Amino acid sequence: MAELPRLAVGTVQPQADSTAIIWALMHALERLDVRVQSFLSHAYFCPRDGATAITSLPPRHLDTWLMDRAQCCEVLVRGSRASDLALVEGCFAGSCAAEGPTSDFETLCQWLDLPRVAVVDARLLAKCQVPDRPAELGGVLLDRVADASELCRLQTQLEALWHVPVLGSLSVLEPLRGDIANIPFGCQPPLELCQALGEELSRSIDIEAVLGLAHSRAVSGAQLLLCGSAELPRASDLHVAVAFDEAFGGYFPDTLDVLELRGATISDFSPLRDERLPANTDVVYVGCGHPERFAEQLSRNDCLMLALQSHVFSGRRIYAECGGLAYLCRDIELPDGQRWPMVGVLPSTARFDLADTAPRPAEVQLTSDNWLGRAGETWRGYLNPRWSLQSAHQLDRCGGEDQAPEVVRRQQAVASRVYMTFAAQRGLLDGFFTPHDSRRRASTPH
């Protein structure tokens, strides 16, 4: 039996937001030199990234809709190697309404044999009523508790009804919660905010009980055997250039891990500052990000945009997602009507919508071949509704509706409005490693 300290922390009420108390818990653990690796229970990016600010480890992603049990186990085990404790965030059964199929937190807890802690929002409790108790619960964290009297009452009530201990509580803290709500989408909070939350929770939390629960279940040999990364076929001489800076940082860590496990050499470059791509680049990978916030700076880097055009029009490959797709377009249009020129590989305008709309599950059946997949294959992920394509008539639509294509192509540039983790869809990786003769695919831009 191997030790893998881990904990599932999830809300049990439809309207509850566990952001503040989970950041507080992470910081309280970090104060004790317990390094935490955060795992989200869905494969799309969180609106506010407190985990990286607190732990310096970007969140990883588990998803029962996209991954099978073996893939989830592999992501958990491999992703926890640089940490002391894995913290899996989610919503217990019935607590989160979703549009279409999505990842199931209860199933994830069962697959990974996770000790479970429920977050209960005191303000959402009806008088003399408590939510349904999640299965195999090990403890409770109370959030938005008004005062000591309410804490005493709720602790007595929950411990009597659920037969598990209240491990700690967080008070209302409206100013801090207001600060959280004002953090721009996709950004990290100030560390001082996380410290204040952690210090508040540390006054009440039974940290030894939390750690005891996290250490209560070992990992069996059967679970370890589910981790099949050693069986990945390896290749060599593939150089992948990843766009990474303040404008682009939306990557699934396990996607990059799997590329390297298969033998790819990964280098990064900055669309904001670099003038050329890394030497010997075969594939350029432009992930999601926020080009709308850096539109003017990106539009001024003519040298890098010309390098990307040259890369594509000489027959070499690019894969881009969401914000990366927008960057490859002729220009982007912001909500105030401003337009900024971008790379121009895709002859379309990318329009940004400010609506705070959550990503939604998407299954895209390819209607034509591209270097990542063949017609008839289905790609699964989460659609980012913030970007749409306008005047895309010169693009090859590879999937989705004609008026709202989800996957498009121009020469060897493939772009998608769907977040995809290659750790869940290993077949897509074959396109990266399939021998590619750019000389047969080169053509003149038009």
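Each value, and the rule that gives it
Residues numbered from 1 in each chain as written. Predicted model: local features only at pLDDT ≥ 70, side-chain atom pairs only at ≥ 80, totals over all residues. Heavy atoms only, no water. Helix = DSSP H or I, 4+ residues; strand = E, 2+ residues; numbered from the N terminus. Buried < 20%, exposed > 50% of the residue type's maximum accessible area, 1.4 Å probe, protein only. Contact = heavy atoms within 4.5 Å. Areas by Shrake-Rupley, 256 points an atom, 1.4 Å probe, with all protein chains shown as cover. Pairing = 2+ DSSP bridges. Axes fitted to C-alpha atoms, helices over the stretch in contact; angles between N-to-C directions. Left-handed = near helix turned anticlockwise from the far one by under 90°. Core = buried A, V, L, I, M, F, W, Y, C linked by side-chain atoms within 4.5 Å. Arc of directions from axis to C-beta. Polar contact = N/O pair within 3.5 Å; in protein donor to acceptor, adjacent residues only side chain to side chain. Salt bridge = Lys/Arg side-chain N within 4 Å of Asp/Glu carboxyl O. Expected span 1.5 Å × (residues − 1). Phe/Tyr/Trp six-rings, centres within 6.5 Å; stacked < 30°, edge-to-face > 60°. Lys NZ or Arg CZ within 6 Å of the ring centre and 35° of its normal.

Quick notes on the overall build of the protein chain
Then, number 1: When helices and strands are counted, the protein chain shows 14 helices and 25 strands.
Then, number 2: Residues classed as buried in the protein chain amount to 56% of the 446 residues present.
Then, number 3: Sequence-distant contacts, at least 24 apart, represent 74% of the contacts inside the protein chain between residues at least 6 apart.
Then, number 4: Of the roughly 18,700 Å² of accessible surface on the protein chain, 47% is carried by carbon and sulfur atoms.

Quick notes on the sheet that holds strand E25 (residues 418-419)
Think of a sheet as strands paired side by side through backbone hydrogen bonds, with each pair either parallel or antiparallel.
Then, number 1: With antiparallel pairing, 3 strands are arranged side by side in an open sheet as E19-E20-E25. Strand pairing shows two members of the sheet lacking a second neighbour, strand E19 (360-365) and E25, which therefore form its edges.
Then, number 2: Across 6 bridges, the pairing between E19 and strand E20 (residues 378-383) is antiparallel. Looking at the pairing, Pro361 lines up with Tyr382 of E20.

Notes on the packing of helix H6 (residues 174-181) against helix H7 (residues 191-202)
Then, number 1: In contact at an axis separation of 11 Å, H6 and H7 are set at 145° when each is read in the N-to-C sense. The two elements H6 and H7 cross, and the hand of that crossing is left-handed. Counted together, Leu176, Asp179 and Ile180 of H6 and Leu193, Ala196 and Leu197 of H7 form the full contact between these two elements.

Regarding the nonpolar core
Then, number 1: Core analysis: the largest hydrophobic core is formed by 67 residues, its most contacted members being Tyr327, Leu346 and Phe432.
Then, number 2: Contact partners of Phe432, with chain neighbours within four places excluded, come to Leu238, Val240, Leu259, Val283, Arg317, Trp371, Leu372 and Phe422.

What about helix H4 (residues 105-112)?
Then, number 1: For H4, the complete set of buried residues consists of Phe105, Glu106, Leu108, Cys109 and Leu112. Projected down its long axis, H4 shows its buried positions confined to an angular sector of 160°, all on one face.
Then, number 2: Its side-chain oxygen 3.4 Å from the backbone nitrogen of Glu106, Asp104 forms the N-cap of H4.
Then, number 3: The positive-phi residue at the C-terminal boundary of H4 is Asp113, with phi of around 50°.

Details of the pattern of salt bridges
Then, number 1: Taken as a whole, this structure holds 25 salt bridges when the rule is applied.
Then, number 2: Residue Asp113 is joined to Arg217 by a salt bridge in which the shortest nitrogen-to-oxygen separation is 2.8 Å. Of the two residues, Asp113 sits in the loop between H4 and strand E6 (116-121) while Arg217 sits in the loop between helix H8 (207-214) and strand E9 (218-219), which places them 104 residues apart along the sequence.
Then, number 3: Under the relative-accessibility criterion, Asp113 is labelled partly exposed at 28%.

Examining the pairing of strand E18 (residues 346-352)
Then, number 1: The element E18 is extensively covered by neighbouring structure, given that 6 of its 7 residues are classed as buried.
Then, number 2: With 4 bridges joining them, E18 and strand E21 (residues 387-390) adopt antiparallel strand pairing. Directly across from Arg351, in E21, lies its bridge partner Ser388.

A word on helix H12 (residues 302-313)
Then, number 1: If you check H12, its first and last C-alpha atoms are 16 Å apart, about what 12 residues at 1.5 Å a residue would give, namely 16 Å.
Then, number 2: All of the buried residues in H12 are Leu304, Met305, Ala307, Leu308, His311, Val312 and Phe313.
Then, number 3: Two residues or fewer past H12, Gly315 is found with a positive phi of approximately 95°.

Things to note about the environment of Glu192
Then, number 1: The topology assignment puts Glu192 in helix H7.
Then, number 2: By relative accessible area, which is 57% here, Glu192 ends up exposed.

Concerning the environment of Ala53
Then, number 1: Locating Ala53 in the fold gives a position in helix H2 (residues 50-55).
Then, number 2: In this structure, the C-alpha to C-alpha distance between Ala53 and Cys187, residues 134 residues apart in sequence, is 9.6 Å.
Then, number 3: For Ala53, the residues in contact, after removing those within four places along its chain, are Gln188, Pro189 and Leu191.

Let's talk about the side chain of Glu150
Then, number 1: You can see Glu150 is positioned in helix H5 (residues 148-162).
Then, number 2: If near-sequence neighbours (up to four positions away) are discounted, Glu150 is found in contact with Ala122, Arg144 and Val145.

Here we look at the packing of aromatic side chains
Then, number 1: For the structure on display, the rule yields 14 aromatic pairs.
Then, number 2: Plain terms: the ring middles of Tyr285 and Phe422 are 6.3 Å apart, the flat faces sit at 65° to each other, and that makes the pair edge-to-face. Highlighted residues: Tyr285 in strand E13 (residues 283-286) and Phe422 in the loop between E25 and helix H14 (426-433), separated in sequence by 137 residues. Both residues of the pair, Tyr285 and Phe422, belong to the buried class.
Then, number 3: Taken together, the aromatic side chains of Phe244, Tyr251, Tyr285, Tyr319, Trp371, Phe422 and Phe432 make up a single cluster linked through ring pairs.
Then, number 4: Arg317 extends its terminal NZ or CZ atom over the ring of Trp371, reaching a point 5.3 Å from the ring centre.
Then, number 5: Across from the ring centre of Phe185, 4.0 Å away, lies the NZ or CZ of Arg386, which sits over that ring.

Topic: the sheet that holds E21
Then, number 1: Here 4 strands make up an open sheet; going across it, the order is E17-E16-E18-E21 and the pairing mixed. If you trace the sheet from one side to the other, it starts and ends with strand E17 (339-341) and E21, each paired once. Ignoring strand direction, the axes of neighbouring strands in this sheet form an average angle of 30°.
Then, number 2: In terms of strand pairing, strand E16 (residues 329-333) meets E18 through 4 bridges, oriented parallel. Across the sheet, residue Ile332 finds its bridge partner in E18, namely Ala350.

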